[in-house]
Amino acid sequence: MIFLGLLLPALLGGSTQASHGGPPLDCVDAERLCLLDHQCNSSYRVLEYCAIEEAMSLLGWDARKECVTAENELERSPLSGCKCHRGSKKEEQCLKVYWTSRFSHRYHELDISPYVEMDTEPTWNGDGFRLAGILSGSSVPTDVENQCLEAAQACGLYEKCGNLRSEYVLACTKRAPNSDTCNRQKCHKALRRFLDRVPEEYAFGVLFCQCNNTLCGERRRKTIVPSCSYEEREKPNCMTLQHMCMKDDLCRSRLVDFQHNCQPLSMSRTTCPRDNAMACLRSYVGLIGTIVTPNYVSNNGTEVAYWCTCEASGNQRQHCEKILTMFNQNSCLQNAIKVLNSGAHHTLEGTQTSARSSQHFQQDDMNVLPGIVEVKHVDVVSGGGGRVEVNQPISEKAIVSNSQSGATGFGQSAALLLLALLPPLL
């Protein structure tokens, strides 16, 4: 125990430095390290109380000042600079820790993603998205007029994709007990599970397939089962929808991540952060299965939007319309979709990748995220809502590597070693 007492302070400081010299520490691991230190533990417990109280009603000046003081005391703790991994088993727990330790920024820090930076490379081989390569050698007839049908059939042929797609279709079409509507929470969870676990070439195939006719466009628009995942009998006000999102750790995080990776930048030749189409598309996909799930607005083109309206916004009309323009006037997102469908390299053509820096890029005001204002595999078909059985899934597994190489700083390595030696605290 004496050795542990001498070693712990060094590890706490070293793990903080790891966020600068190597991969950031996961916030769940950072929390465990923090709870081992008396001062860090005390400050973090104050912030937990602050978050609970703030969720009920706005804190007074004195209480908020105490919360900010506790937050400042964590600046040199393991929690400073910690990040989360999207789609991980402990994602929601990690995000809770992340936003608790950033109490004063939870509704205002809208351009710094809580997630570990995503790899800029596609997770599949080849230049761009080639659906024909997935279908090569299969017995499924291709339909050049309906690429979305092709993509759905390719998904059905790959066991993992077919199973998870059937899972979310069932969750999003089954009525909740004693109700004439679906269980939207279960639908969202199943959608996120599909998008987080299915290889990108399949998930992106059904979401971003090109269409030049109504039948294809209707299939694409209904991919996420909009009648359950985001449509209401009446469209809510966009500010109300965003307010609900910002109150939820997961939704807020996915929305901020979209802002971070898909916010048009006026000084970039392609207006996209780091000129990276793949990061933008992944962030957009991350929004599907949240309160603010977006979708195509029509069967023609690739324009997307929330299911919301700015009617009855009063003197907040301009603020409300900014929320809509995050999607329907987002040149970064539209360019990213074009790059994917053109089969081009993930880095937008004619540009050089550059590190994102808020000091060097000026944001386009039209797209700035506004702050809140107080069993066979069954495939869903087209407009008629009928169902079509596709071929039995084959057993072969797609081998996809999502690993990232890189050196890990001594502080993080030592901190994680300590965690492995200690009994679980949670």
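Just above sits the structure.
Here is what the cut-offs are and how they apply
- Residues numbered from 1 in each chain as written.
- Predicted model: local features only at pLDDT ≥ 70, side-chain atom pairs only at ≥ 80, totals over all residues.
- Heavy atoms only, no water.
- Buried < 20%, exposed > 50% of the residue type's maximum accessible area, 1.4 Å probe, protein only.
- Helix = DSSP H or I, 4+ residues; strand = E, 2+ residues; numbered from the N terminus.
- Polar contact = N/O pair within 3.5 Å; in protein donor to acceptor, adjacent residues only side chain to side chain.
- Salt bridge = Lys/Arg side-chain N within 4 Å of Asp/Glu carboxyl O.
- Disulfide = S-S within 2.5 Å.
- Phe/Tyr/Trp six-rings, centres within 6.5 Å; stacked < 30°, edge-to-face > 60°.
- Lys NZ or Arg CZ within 6 Å of the ring centre and 35° of its normal.
- Axes fitted to C-alpha atoms, helices over the stretch in contact; angles between N-to-C directions.
- Parallel < 35°, antiparallel > 145°, perpendicular 65-115°, else oblique.
- Contact = heavy atoms within 4.5 Å.
- Nonpolar A, V, L, I, M, F, W, Y, C, P; charged D, E, K, R; others polar.

**Examining helix α15 (residues 277-287)**
Next up, step 1: Summarising burial for α15: 11 of the 11 residues are buried, a large majority.
Next up, step 2: For α15, the set of buried residues is Ala277, Met278, Ala279, Cys280, Leu281, Arg282, Ser283, Tyr284, Val285, Gly286 and Leu287.
Next up, step 3: Residue Asn276 occupies the N-cap position of α15, its side-chain oxygen lying 3.0 Å from the main-chain nitrogen of Met278.
Next up, step 4: Gly289 lies just past α15 and shows a positive phi near 100°.

**So, unusual backbone geometry**
Among all residues save glycine, negative phi is the norm, and among peptide bonds the norm is trans.
Next up, step 1: Of note in this structure, Val225 is not a glycine but carries a positive phi near 50°.
Next up, step 2: Relative to the helices and strands, Val225 resides in the loop between α11 (214-221) and α12 (226-229).
Next up, step 3: With relative accessibility at 9%, the residue Val225 sits in the buried group.
Next up, step 4: Even without being glycine, Ala312 reaches a positive phi, approximately 60°.
Next up, step 5: Note on placement: Ala312 falls in the loop between β2 (304-305) and α16 (317-328).

**Description of the pattern of salt bridges**
Next up, step 1: The full count for this structure, using the stated rule, is 15 salt bridges.
Next up, step 2: Close ionic contact of Arg64 with Glu54 constitutes a salt bridge, the shortest N to O distance being 2.7 Å. Of this pair, Arg64 sits in helix α4 (residues 61-72) while Glu54 sits in helix α3 (residues 38-56), and the two are 10 residues apart along the sequence.
Next up, step 3: A relative accessible area of 8% means that Glu54 is categorised as buried.
Next up, step 4: Glu232 is paired through a salt bridge with Arg184; the nearest N and O atoms lie 2.7 Å apart. Of this pair, Glu232 sits in the loop between α12 and α13 (238-246) while Arg184 is found in helix α9 (residues 184-197), placing the two residues 48 residues apart along the sequence.
Next up, step 5: Three or more residues are tied together by salt bridges with common partners; here these are Arg86, Glu91, Asp196 and Arg254.

**Considerations on the state of the cysteines**
Next up, step 1: The full count for this structure, using the stated rule, is 13 disulfides.
Next up, step 2: The side chain of Cys27 participates in a disulfide bridge whose partner is Cys82; the two sulfur atoms lie 2.1 Å from each other. Handedness of the Cys27-Cys82 disulfide follows from its S-S torsion of about 95°: it is right-handed. Of this pair, Cys27 sits in helix α2 (residues 27-35) while Cys82 sits in the loop between α4 and α5 (91-100); the two residues are 55 residues apart in sequence, bridging distant segments of the chain. Taken as a pair, Cys27 and Cys82 share a single burial class, namely buried.
Next up, step 3: Between the sulfur atoms of Cys262 and its disulfide mate Cys280 the distance is 1.6 Å. Placement of Cys262 in helix α14 (residues 249-262) and of Cys280 in helix α15 is noted, with a sequence separation of 18 residues between them. There is no split in this pair, since Cys262 and Cys280 are both buried.

**Details of the packing of aromatic side chains**
The description of two aromatic rings rests on the distance between their centres and on the angle between their planes.
Next up, step 1: Scanning all chains against the criterion turns up nine aromatic pairs.
Next up, step 2: Aromatic side chains Tyr98 and Trp99 sit 5.0 Å apart centroid to centroid with 85° between the ring planes, which places their arrangement in the edge-to-face category.
Next up, step 3: We classify Trp99 as buried; its relative accessible area is 0%.
Next up, step 4: Where Tyr230 meets Trp307, the ring centres are 5.6 Å apart and the plane angle is 80°; that geometry is what we call edge-to-face. Of this pair, Tyr230 sits in the loop between α12 and α13 while Trp307 is found in the loop between β2 and α16, placing the two residues 77 residues apart along the sequence.
Next up, step 5: Overall, the relative accessible area of 8% leaves Tyr230 in the buried class.
Next up, step 6: Counting every residue linked through ring pairs, the aromatic cluster contains Phe204, Phe208, Phe258, Tyr284, Tyr306 and Phe327.
Next up, step 7: Sitting over the face of the ring of Tyr296, Arg220 holds its NZ or CZ atom 4.1 Å from the ring centroid.

**A look at the packing of helix α10 (residues 200-208) against α15**
Next up, step 1: One can describe the packing of α10 onto α15 by two numbers: an axis separation of 12 Å at closest approach and a directional angle of 75°. Comparing the axis directions of α10 and α15 gives the class roughly perpendicular. Taken together, the residues of α15 that come into contact with α10 (itself represented by Glu200, Phe204, Leu207 and Phe208) are Met278, Leu281, Arg282, Tyr284 and Val285.
Next up, step 2: Here the contact of α10 with α15 is composed, by residue class, of seven nonpolar, no polar and two charged.

**So, the environment of Leu110**
Next up, step 1: With respect to the secondary-structure elements, Leu110 resides in the loop between α5 and α6 (131-135).
Next up, step 2: Under the relative-accessibility criterion, Leu110 is labelled buried at 10%.
Next up, step 3: For the pair formed by Leu110 and Ser253, sequence separation is 143 residues and the distance between their alpha carbons is 9.0 Å.

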